[in-house]
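Secondary and tertiary structure notes
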Amino acid sequence: MTIASPQVTILGSRVSAHGAALTGWADEGVAAETFPIVRRGVLTDFATSRAEAPFLTEWYTQHQRPVRSHGCAVANTAADLPVVSPPDLVVQDANAPSSGTSSSTSAVHGRGFQALVAEAKSGVAVLRGNCTMDRQQRSGLISGDLYEIANGQLGRYLGATAVLDVRSLPFLQNIAAMGDATSAEWRGFTSTKGQPEQ
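Residues numbered from 1 in each chain as written. Predicted model: local features only at pLDDT ≥ 70, side-chain atom pairs only at ≥ 80, totals over all residues. Heavy atoms only, no water.

**Topic: the nonpolar core**
If you look at the biggest cluster of nonpolar residues, it comprises 13 residues, and the most contacted ones within it are Ala4, Val8 and Val38. Of all elements in the fold, only strand 1 (8-13) and strand 2 (34-39) reach the threshold of two or more residues within this core. With three residues, strand 2 is the largest single contributor of residues to this core. (Core = buried A, V, L, I, M, F, W, Y, C linked by side-chain atoms within 4.5 Å. Buried < 20%, exposed > 50% of the residue type's maximum accessible area, 1.4 Å probe, protein only. Helix = DSSP H or I, 4+ residues; strand = E, 2+ residues; numbered from the N terminus.)

Now the structure itself:
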C-alpha cells in the first residue's frame, strides 16, 4: 500500500541516541531495534509487540514476512499491561544508500536546508516549527516562523506562530524533496495511550 511519496522512507527506531523511545529492551523482553515502516513510500511494516503482532498474521502472510515483535511494548510499571507505543519515527530520503536497510537513524544522502531552499522556485519555509497531532495521528497543526521562498532564496518574513492545518497522508504523499541529516532536528514529545492512560 502506497502511503507516501516515493521520496520518503520512514524508520521506526527504539535505539536512536537522542530518541524519546530509546531503550535496550522492550517491556516484554524483546531487544530494541530499528526497522523500516515505510520504504520508498510503500507501507512495509508496523510497530508491534509479542501480544499484538499475531493480529497482523494475515497481512504478514500476504507480504511473505515473519510475524514478529519489533520491541514496541511499553508499560509504565510492572503492574501495568504493556501496550504498543510508537517508536521514534525517523524520516529519510529514500535515495540515501542505507535508507531503510541499516540501524542508522540519520539520512546519509540528500541536501541541507539551504540547498532545498535553492531548489524551490516558490514556497514557504517554516523555521523553528512545532507540530501537534490528534490522537490518531491523522491530522495536526504546524506552527512556527514562516518565510517566503522566492527564486531559490529565503525571502520576506511572513509572520510568527502562523498555523498550517496538515493532514498526514496528503502531506506525506506530496513531499517532493528530502533534506539530509544537517536539516534534521530532534524534538521531545509527550505521548499517552491505553485506558487508563500510560
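**Describing the sheet that holds strand 2**
Spatial ordering of the open sheet is given by 3-2-1-6, a layout of four strands whose pairing is antiparallel. Of all strands in the sheet, those bounded by a partner on one side alone are strand 3 (42-43) and strand 6 (88-93). With four bridges connecting them, strand 1 and strand 2 associate as antiparallel partners. When the sheet's bridge partners are listed, Leu11 is paired in strand 2 with Pro36. (Pairing = 2+ DSSP bridges.)

**As for the packing of aromatic side chains**
Under the definition given, this model contains three aromatic pairs. Between Phe46 and Trp59 the ring centres are 4.9 Å apart and the planes differ by 80 degrees, which places this aromatic pair in the edge-to-face class. Placement of the pair is Phe46 in the loop between strand 3 and helix 1 (57-62) and Trp59 in helix 1, with a sequence separation of 13 residues. Ring centres of Tyr147 and Tyr157 lie 5.1 Å apart, and the angle between their planes is 55 degrees; on these two criteria the pair is classed as tilted. Taken together, the residues span a long stretch of sequence, with Tyr147 in strand 8 (residues 139-150) and Tyr157 in strand 9 (residues 153-167) at a distance of ten residues. An aromatic cluster is built from Phe46, Trp59 and Tyr60, whose rings are joined through pairwise contacts. (Phe/Tyr/Trp six-rings, centres within 6.5 Å; stacked < 30°, edge-to-face > 60°.)

Honestly, that's just the spatial picture; any functional story needs more than this.
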